[in-house]
Amino acid sequence: MAWKEKLYERPLRRPLDDGALEAVRSEYHKRRHEIPVPSELVLHPTKPELMTIKTKWLSLVIQFHQEKLTIDAELSLAAKMMATDQNRKLAVQFIDSIADDLNL
């Protein structure tokens with residue numbers, strides 16, 4: 001069973017387009033070495049604005065709405081017990097820095 005919690009939400013600085021989504025995916029691949037555990041980016045099959053960074057115990061669900069960016073965590077029981085506020089903050093900083101670099 002997984003627990004879900006909202007980690008972060010902020011307005012987007014500009015409207016999202018296909019080029020911006022591709023840039024987000026590209027930045028993840030360039031910077032995934034910054035994530036301290038193996039991870040993969042999984043794209044939603046029908047909603048291009050929804051993507052997930054998956055690890056063994058934790059998934060970060062990133063959604064670009066029309067006007068906002070949200071980041072939700074889906075945690076296993078082990079991750080829920082071990083994930084500190086600092087770990088959550090670092091995960092948000094990783095995604096938010098990509099969005100900032102792309103002016104989203």
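Reference entry: report on the structure contained in this document. (Residues numbered from 1 in each chain as written. Predicted model: local features only at pLDDT ≥ 70, side-chain atom pairs only at ≥ 80, totals over all residues. Heavy atoms only, no water.)

**Re the layout of surface pockets**
Spelled out, the test is: A cavity, in this analysis, means grid points on a 1 Å lattice covering only the protein atoms where a 1.4 Å probe fits yet has no way out; a pocket is instead an open set bounded by protein on both sides within 12 Å along at least five of seven lines, and a residue lines either one if it has an atom within 4 Å of a point. Grid points are joined across faces, edges and corners, and a volume is the space filled by probe spheres set on the points. Strands here mean DSSP runs of E at least two residues long; helices mean DSSP runs of H or I at least four residues long; both are numbered from the N terminus. Three classes are used: nonpolar for Ala, Val, Leu, Ile, Met, Phe, Trp, Tyr, Cys and Pro, charged for Asp, Glu, Lys and Arg, and polar for all others, with Gly counted as polar.
Taken as a whole, the largest pocket holds about 590 Å³ of empty space. Looking at the lining of the largest pocket, the elements that each hand over two or more residues are strand E4 (58-64), strand E5 (68-75), helix H2 (77-82) and helix H3 (85-101). Partitioned by chemical class, the residues of the lining of the largest pocket number 17 nonpolar, 2 polar and 2 charged.

**Here we look at the nonpolar core**
Soluble globular proteins tend to pack their nonpolar side chains together in the buried interior. Let me state the cut-off plainly: We call a set of buried Ala, Val, Leu, Ile, Met, Phe, Trp, Tyr and Cys residues a nonpolar core when their side-chain atoms join them within 4.5 Å. Burial status follows relative accessibility: with a 1.4 Å probe on protein chains alone, a residue under 20% of its type maximum counts as buried, one over 50% as exposed, and anything between as partly exposed. By definition, residues are in contact when any of their heavy atoms lie within 4.5 Å.
Formed by 25 residues in total, the largest nonpolar core has its most connected members in Ile 53, Phe 64 and Leu 104. Those elements that place two or more of their residues in this core are helix H1 (18-31), strand E3 (50-54), E4, E5 and H3. In terms of residue count, H3 provides more of this core than any other element does, 6 residues in total. Ignoring any residue separated from it by four or fewer positions in sequence, one finds Leu 104 in contact with Arg 10, Leu 12, Arg 13, Arg 14, Leu 16, Ala 20, Val 24, Phe 64 and Ala 99.

**Considerations on the sheet that holds E4**
Here is the rule we go by: At least two DSSP bridges between two strands are required for those strands to pair. Note on geometry: axes are lines fitted to C-alpha atoms, helical ones only across the stretch in contact, with angles between N-to-C directions running from 0 to 180 degrees.
The strand order across the open sheet formed by 5 strands is E1-E5-E4-E3-E2, and the pairing between neighbours is antiparallel. Of all strands in the sheet, those bounded by a partner on one side alone are strand E1 (3-11) and strand E2 (40-43). Mean inter-strand twist for the sheet, computed between neighbouring axes without regard to direction, equals 20 degrees. Inspection of the sheet shows E2 paired to E3 by 4 bridges, in the antiparallel sense.

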